[in-house]
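# Examining the three-dimensional arrangement
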Amino acid sequence: MIPQPSRCQPHQLIASLLLLLGLLFPSRTTAAEIEWTLQTRDPATGQIIVSKERVDPRRVGVVAVDVWNFHWCKTATMRVDAFVPRIDRALQAARDLGMTVMLCPSDVVDNYAGFPQRESVLALPDIQVPNAVDVTCPPVPDAGGCACGRERCAGNYGWDGMHPALRIGDSDLMPDTQAEVYALCQQRGLTHLLYVGFHTQVCLLGKPMGLRAMKAAGLRCVLARDMTDAHPGYDPARGFTPDLNTEQVIAHFEKHLAPTVQLQDELTRLGRWDTQHPVDPVRIAPWGTRMRPHLFEQPITVTLTAPLQPGAEIRYTLDGSAPGPRSSLYTTPLVITNTTHLRTMAFRDGRPAGLESEGSFARLIPAPPKPDVFIGDLTPVRSVGFGHTYGGTVRYSGTTQAPQKDKANTGKPLRVDRRKPDHGLGVHAPCAVAYPIQPDYARFVAYAGMDENLVDLNNGSNLAKYPSGVFKVFIDGKEVAVSPVMRILSPAWRFDIPIPKGAKVLTLVAMDAGDGSREDLADWADAGFVRSR
Ligand SMILES: [Zn+2]
């Protein structure tokens, strides 16, 4: 092949010309710079102060803190879920602008061992982090972290990674400490860190790679106020909602800690936000879902909000139908008194202004009485479980065993409903146990839920998101009662079922909830028959 003489292409000519012009007429900013609008507040009066700042996006790192796949509070989990589409879109725009994206799932970053995004960070040189700024501020308001109202979620460390819908870019990095972020900033010449993620006043602020530590190291830290959610709280009796909580926390940041930007607005101005396809679902408090329902005893107050869709109408249905522009208009919190499935969506001018969201609320029946005959004292006519059945014998698989009398399936004491019942049956879903019904059995009663022993090991670290099951009761082959999906550390589901005259066999079934049977240890507590009097 004959080499062609090198020729100057037209685009090279233009580039050279632009370079020459730049040298002759140096401007205050480079072509790559963007201007963003920062918001702070007067610490004394709270008055908003707006300013503009020019910044080269190649000097900006976007730090996404704790965009986890689970949280011990179901409402907090769903609020993260609600933010992920907008954060994912913003991170893609940031990459396109030349910003460095840092994904920081604290506590669980080691689960990303082998990802180049993590391994390359570990290879960075050790750099002494300067103590450049003394960061002090009054205590940040913390509402407690459960946004479910009266029926509060119990703590566990169930998360094991980032939200699955948050894309990991090839060029992204996963630092976990102040020193790692600092080393990255030095290596790449980053001067600004733009924070997105959760929970604003706890992890985003206080984690080792969080805003406080990096501000102290001398980085210019900015909070994206439309891409963060506070460690939430909810008290509808005094009008305190998770959104109001977040607003208060953001105002605290603006007064004492860092300027904020409305990132969606900035990206829209830069032509990097798709305004045609909305990303925000209506937010629900408390936020139970089909896979993690909100269980309640007393009527609950449900609040719907769409703070990022100003001017939109929130419409909802309670009959299972899809919400439309003519569905009920939400104007004031809903009082839910019975098991309800809510569907909701925001509309503007009759067109969808967001994504649909669902709320599942299941009311518990009053506490059933203690049985006269415990099922553990009866001999089942059939007992099957997870394994291979050969010649009528179940070969239980893995850590699964035959149902255990008065013990969890692992052999530990039964632990469900946040208590340790003396009597019951510990099984591993899927499992069915059938008992003969005696003529004087009038009712079957039980508390059913996922066994809680898991939380003894590092507070359920990485595993507490897995236990999930559905409990069913059959009489003579006919389903007579079914629980919603049960999760660890939720109240137990209550069964109190009349036995029809002449009934012969009652079967207790614990099924996997449709997401696999990992860790699905299920307890039938205080389960048995009440005799007719
Ligand atoms: Zn909660």
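Described in the following lines is the structure provided in the data block. Here the structure is a predicted model, which is why all the values come from computation and not from measurement.

Another point: the pattern of salt bridges. Applying the stated criterion across every chain yields a total of 31 salt bridges. A salt bridge links Asp235 to Arg238; the nearest nitrogen and oxygen atoms lie 3.0 Å apart. Given the relative accessible area of 59%, Arg238 is considered exposed. The salt bridge partner of Asp496 is Arg443, with a shortest N-O separation of 2.7 Å. Taken as a pair, Asp496 in strand E28 (residues 493-498) and Arg443 in strand E24 (residues 441-450) lie far apart in primary sequence, 53 residues in all. The exposure class assigned to Asp496 is partly exposed, which follows from its relative accessible area of 27%.

Let us look at the coordination of the zinc ion. Within the protein, the atoms that donate to the zinc ion are Cys73 (SG), Cys146 (SG), Cys148 (SG) and Cys153 (SG), at distances of 2.3 to 2.5 Å. Between the 4 donor atoms coordinating the zinc ion, the angles at the centre fall across 97 to 121°, so the site counts as tetrahedral. Within one chain, the residues serving as donors to the zinc ion are arranged as C-x72-C-x1-C-x4-C. With Cys73 in the loop between strand E3 (60-65) and helix H2 (74-97) and Cys146 in the loop between helix H3 (116-122) and helix H4 (178-188), this residue pair connects regions lying 73 residues apart in the sequence. A relative accessible area of 0% places Cys73 in the buried class.

Going through the model one piece at a time under the given rule, you end up with 9 aromatic pairs. Note on Trp68 and Trp159: the rings are 4.1 Å apart at their centroids and 15° apart in plane angle, and the pair reads as stacked. Here Trp68 is found in the loop between E3 and H2, whereas its partner Trp159 is found in the loop between H3 and H4, with 91 residues between them in sequence. Summarising the burial analysis for this pair, Trp68 and Trp159 share the class buried. When the centroid spacing of 5.1 Å and the interplanar angle of 75° are considered together, the rings of Tyr112 and Phe115 count as edge-to-face. With relative accessibility at 32%, the residue Phe115 sits in the partly exposed group.

Attention now moves to the environment of Val427. Following the sequence through the fold, Val427 ends up in strand E22 (residues 424-428). For Val427, a relative accessible area of 0% gives the class buried. Along the sequence, Val427 and Leu219 sit 208 residues apart, while their C-alpha atoms lie 54 Å from each other. In contact with Val427, other than residues within four places in its own chain, are Pro403, Asn409, Ala510, Asp520, Leu521, Ala522 and Trp524.

Let us look at the nonpolar core. Within the largest apolar cluster, 45 residues are counted, with the highest numbers of intra-cluster contacts made by Met102, Leu193, Tyr195, Leu211 and Met214. Elements represented by at least two residues in this core include exactly E3, strand E4 (100-104), H4, strand E5 (192-198), helix H5 (200-206), helix H6 (211-216), strand E6 (220-229) and helix H7 (242-257). Excluding residues that lie within four positions of it along the chain, Met102 makes contacts with Gly61, Val62, Val63, Ala64, Leu173, Pro175, Val181, Leu184, Cys185, Leu190 and Leu193. Core analysis: the second largest hydrophobic core is formed by 37 residues, Val55, Val109, Leu166 and Trp273 among them.

Taking strand neighbours across the sheet as the criterion, the 3 strands line up as E8-E10-E13 in an open arrangement whose pairing is antiparallel. Two strands close off the open sheet at either side, each with one partner strand: strand E8 (283-285) and strand E13 (334-336). The average angle at which neighbouring strand axes cross in this sheet is 30°, direction not considered. In this structure, E8 lies alongside strand E10 (residues 300-305), joined through 3 bridges in antiparallel fashion. Bridge pairing in E10 places Arg283 opposite Thr305.

With that out of the way, let us pick up the pairing of strand E29 (residues 505-512). Two elements, strand E23 (residues 431-436) and E29, share 6 bridges in a ladder whose sense is antiparallel. Looking across to E29, one finds that Cys431 is bridged to Ala510. Where strand E25 (residues 468-475) meets E29, 7 bridges bridge the pair, whose relative direction is antiparallel. Across the sheet, the residue bridging to Phe474 is Thr507, located in E29.

Given a rise of 1.5 Å per residue, 16 residues ought to cover 22 Å, and the 21 Å separating the end C-alpha atoms of H7 matches this to within 8%. If you check which residues of H7 are buried, you get Pro242, Asp243, Asn245, Thr246, Val249, Ile250, Ala251, His252, Phe253, Glu254 and Leu257.

Per the counting criterion, the structure on display carries 0 disulfides. Just so you know, Cys221 is unpaired, no disulfide at all, and the nearest cysteine sulfur is the one on Cys185, 8.4 Å from it. Among the residues examined, Cys221 registers a relative accessible area of 5% and is labelled buried.

Rules used in this analysis
- Residues numbered from 1 in each chain as written.
- Predicted model: local features only at pLDDT ≥ 70, side-chain atom pairs only at ≥ 80, totals over all residues.
- Heavy atoms only, no water.
- Salt bridge = Lys/Arg side-chain N within 4 Å of Asp/Glu carboxyl O.
- Buried < 20%, exposed > 50% of the residue type's maximum accessible area, 1.4 Å probe, protein only.
- Helix = DSSP H or I, 4+ residues; strand = E, 2+ residues; numbered from the N terminus.
- Donors = N, O, S within 2.8 Å, 3.2 Å for Na, K, Ca; no water.
- Tetrahedral: all angles 85-135°; square planar, octahedral: opposite > 155°, others 65-115°.
- Phe/Tyr/Trp six-rings, centres within 6.5 Å; stacked < 30°, edge-to-face > 60°.
- Contact = heavy atoms within 4.5 Å.
- Core = buried A, V, L, I, M, F, W, Y, C linked by side-chain atoms within 4.5 Å.
- Pairing = 2+ DSSP bridges.
- Axes fitted to C-alpha atoms, helices over the stretch in contact; angles between N-to-C directions.
- Expected span 1.5 Å × (residues − 1).
- Disulfide = S-S within 2.5 Å.

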